[in-house]
Amino acid sequence: TFRDHGVEQCIAQNISRHRFDIRSTSGSTGEPFRFPRDRKYIKLEVLTCGRIWRDYGFDENSRILFIHAIPKENIYPRRLYLNGLDLYDDAKAAVMIKRILEFRAEIIESFPAFHLELCRRLREFEPVPKKPLFKVAISSAETLRDTDRNFIEETLGCRVFNRYAI
């Protein structure tokens, strides 16, 4: 836990203390805002997200899958960041789904469009994946329509929650 070992254990050891990378907002309210982040920022992000996951009943050891248009580098243990645009390419989508199934995440977080495309692909995938695929799905950036939420919940075999920001 954080209390026992501190947040340092949540950041891969090969990440330099002097490293910066660029983070970006989605641009949903205009031009995307880009800003540098360092190890201190990453610690804060881990702690903030950790609080959110605990509210959903998970902890820092939970395996989480993120599917976004501009995925982060896979620097955190027990986290997998994938490019959602790969879902729109048949060959890349098949590889991506195999990777998702092998990772066995407890939580998936993505935008509604990527959730829907992933579910469409999963329904075509052979062999059909065993449900539930995740314990919970988080949909961010926009509110899901009831029909879309039902399709995602039915396909993934878990509840879907909306979240905006952080």
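Residues numbered from 1 in each chain as written. Predicted model: local features only at pLDDT ≥ 70, side-chain atom pairs only at ≥ 80, totals over all residues. Heavy atoms only, no water.

## Section: the packing of aromatic side chains
Both the distance between ring centres and the angle between the ring planes are used here to describe each pair of aromatic rings. For clarity, the cut-off: Within 6.5 Å between ring centres, the rings of Phe, Tyr and Trp (the latter by its six-membered ring) count as paired, and their orientation is classed by plane angle as stacked under 30 degrees, edge-to-face over 60, tilted in between. The numbering of helices and of strands both runs from the N terminus, where a helix is a DSSP run of H or I of at least 4 residues and a strand a run of E of at least 2. Each residue's exposure class comes from its accessible area (1.4 Å probe, protein chains only) as a fraction of the maximum for that residue type: buried when under 20%, exposed when over 50%, partly exposed otherwise.
Counted by the stated rule, this structure contains three aromatic pairs. Measuring from centroid to centroid gives 6.3 Å for Tyr88 and Phe114, while their planes differ by 55°, and the two rings are tilted. Residue Tyr88 is located in the loop between β4 (79-83) and α3 (90-103), and its partner Phe114 is located in helix α4 (residues 112-124); the two are separated by 26 residues in the primary sequence. Owing to a relative accessible area of 44%, Tyr88 belongs among the partly exposed residues under this scheme. When its relative accessible area of 7% is taken as the criterion, Phe114 is described as buried.

## Section: the sheet that holds strand β5 (residues 107-110)
Here is the rule: Here, a strand pair is defined by DSSP locating no fewer than two bridges between the strands. To define axes, lines are fitted to C-alpha atoms, for helices over the stretch in contact only, and angles between the resulting N-to-C directions are given on a 0 to 180 degree scale. The contact rule is simple, with two residues in contact once any of their heavy atoms fall within 4.5 Å.
Judged by pairing direction, the sheet is parallel, and its five strands sit side by side in the order β4-β3-β5-β6-β7 without closing on themselves. Since the sheet does not close on itself, it has two edges, and those belong to β4 and β7 (159-163), each with one partner. Adjacent strand axes in the sheet meet at a mean angle of 20° when their direction is disregarded. The pairing of strand β6 (residues 136-140) with β7 spans five bridges and is classified as parallel. When the bridges of β7 are listed, Ile138 appears paired with Phe161. Strands in contact with α3 are β3 (64-68) and β4; relative to β4, the strand with the most contacts, it is inclined by about 170°.

## Notes on α4
The test is simple: Helices are assigned an expected span. That span is 1.5 Å times one less than the residue count.
The first and last C-alpha atoms of α4 sit 19 Å apart over 13 residues, in line with the 18 Å expected at 1.5 Å per residue. Within α4, burial applies to Pro112, Phe114, His115, Glu117, Leu118, Cys119, Arg121 and Leu122. On its buried side, α4 packs onto β3, α3, β5, β6 and α5 (146-156).

## Thoughts on the pairing of β3
A regular strand places its side chains so that they alternate between the two faces of the sheet. Of all five residues in β3, five are buried, a share of seventy percent or more. Side chains Ile64, Phe66 and His68 of β3 all project onto a buried face; the interleaved residues Leu65 and Ile67 project onto the opposite face, where all are buried too. Relative to β4, β3 is paired through five bridges, and the arrangement is parallel. Paired with His68 across the bridge in β4 is Asn83. Direction of pairing for β3 relative to β5: parallel, over a ladder of four bridges. Residue pairing across strands places Ile67 opposite Ser110, the latter belonging to β5.

## So, the packing of α4 against α5
Quick note on the threshold: Angle categories are assigned with fixed cut-offs, so that under 35 degrees is roughly parallel, over 145 is roughly antiparallel, 65 to 115 is roughly perpendicular, and the rest are oblique. Definitions for this section: a left-handed crossing has its near helix turned counterclockwise from the far helix by less than a right angle. A right-handed crossing has that turn clockwise. Nonpolar residues are Ala, Val, Leu, Ile, Met, Phe, Trp, Tyr, Cys and Pro. Charged residues are Asp, Glu, Lys and Arg, and all others, Gly as well, are polar.
Axis separation between α4 and α5 bottoms out at 10 Å; the angle between their running directions is 45°. Of the possible angle classes, the one that applies to α4 and α5 is oblique. Here the hand of the crossing between α4 and α5 comes out left-handed. Residues His115, Leu116, Cys119, Arg120, Leu122 and Arg123 of α4 touch α5, and the partners they reach there are Asp148, Phe151, Ile152, Glu154, Thr155 and Leu156. Across the contact of α4 with α5, the residue classes break down as six nonpolar, two polar and four charged.

## Remarks on the pattern of salt bridges
Note the threshold: Each salt bridge in this description consists of a side-chain nitrogen of Lys or Arg and a carboxyl oxygen of Asp or Glu lying within 4 Å of one another.
Applying the stated criterion across every chain yields a total of eight salt bridges. Residue Glu154 is joined to Arg123 by a salt bridge in which the shortest nitrogen-to-oxygen separation is 2.9 Å. Of this pair, Glu154 sits in helix α5 while Arg123 sits in helix α4, and the two are 31 residues apart along the sequence. Looking at Arg123, the relative accessible area reads 41%, which means it is partly exposed. Three or more residues are tied together by salt bridges with common partners; here these are Asp90, Glu117, Arg120, Arg121 and Glu124.

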